[in-house]
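# Structure at a glance
Now for the letters of each chain:
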Amino acid sequence: NSLVAIGAGLLANWAAGSNKLAPFFSAEGTEAAAMPESATTFYMGGYLNPFDIAIFALVGCGILAVVLWEENYGDTGDSSGKE
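Residues numbered from 1 in each chain as written. Predicted model: local features only at pLDDT ≥ 70, side-chain atom pairs only at ≥ 80, totals over all residues. Heavy atoms only, no water.

## Considering helix α2 (residues 49-68)
- The terminal C-alpha atoms of α2 lie 28 Å apart, and with 20 residues this matches the ideal 28 Å at 1.5 Å per residue to within 8%.
- Judged by how many residues are buried, α2 sits mostly at the surface: 1 of 20 residues are covered. (Helix = DSSP H or I, 4+ residues; strand = E, 2+ residues; numbered from the N terminus. Expected span 1.5 Å × (residues − 1). Buried < 20%, exposed > 50% of the residue type's maximum accessible area, 1.4 Å probe, protein only.)

## Re the side chain of N49
- Inspection of the secondary structure puts N49 in helix α2.
- What makes N49 buried here is its relative accessible area of 14%.
- Polar contacts involving the side chain of N49 include one to the side chain of S18, which spans 3.4 Å.
- Not counting the four nearest positions on each side in its chain, N49 is found in contact with A15, A16, S18 and N19. (Polar contact = N/O pair within 3.5 Å; in protein donor to acceptor, adjacent residues only side chain to side chain. Contact = heavy atoms within 4.5 Å.)

## A closer look at helix α1 (residues 2-17)
- Its 16 residues place the ends of α1 23 Å apart at the C-alpha level, agreeing with the 22 Å of an ideal helix rising 1.5 Å per residue.
- Within α1, only 1 of the 16 residues are buried, which leaves the element largely exposed.

## Topic: a nonpolar patch on the surface
- A surface patch of nonpolar side chains, about 730 Å² in accessible area, is lined by I55, V59, I63, L64, V66, V67 and L68.
- Inspection of the secondary structure assignment puts I63 in helix α2. (Patch = residues over 30% accessible without salt bridge, like charges linked within 9 Å, V, L, I, M, F, W, Y side chains within 5 Å. Areas by Shrake-Rupley, 256 points an atom, 1.4 Å probe, with all protein chains shown as cover. Salt bridge = Lys/Arg side-chain N within 4 Å of Asp/Glu carboxyl O.)

## Focus on the environment of T41
- Its location among the elements puts T41 in strand β2 (residues 40-44).
- Classification of T41 as partly exposed rests on a relative accessible area of 42%.
- Considering only alpha carbons, one finds T41 and P23, 18 residues apart in sequence, at a separation of 7.6 Å.

## Observations concerning the packing of α1 against α2
- Packing of α1 against α2 leaves a shortest axis separation of 7 Å and a crossing angle of 125°. As judged from the angle between their axes, α1 and α2 are oblique. Contacts between α1 and α2 pair L11, A12, A15 and A16 from the former with N49, P50 and I53 from the latter.
- Counted by class, the contact of α1 with α2 contains 6 nonpolar, 1 polar and no charged residues. (Axes fitted to C-alpha atoms, helices over the stretch in contact; angles between N-to-C directions. Parallel < 35°, antiparallel > 145°, perpendicular 65-115°, else oblique. Nonpolar A, V, L, I, M, F, W, Y, C, P; charged D, E, K, R; others polar.)

Honestly, it's all geometry; don't read function into it.
Listed below in structure tokens is the structure:
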């Protein structure tokens with residue numbers, strides 16, 4: 001587990017430093033380049049990259065759980081507790 005945590009930290013550090021924080025688009029629907037930075041609602045890149053990676057990991061693990069996880073219904077016998 002510690003090796004996975006170290007690897008995840010290194011990946012997150014690399015992702016956070018891979019590009020600059022930049023506006024993605026604005027709430028008014030105009031292009032980000034035409035809007036002042038204070039009017040921009042959503043950003044991408046920079047320190048947000050590790051969270052984007054976490055979203056993809058969450059969705060991927062959720063899909064794997066739905067596809068591969070078998071439900072455990074327990075015993076099909078009498079559930080009254082008497083043996």
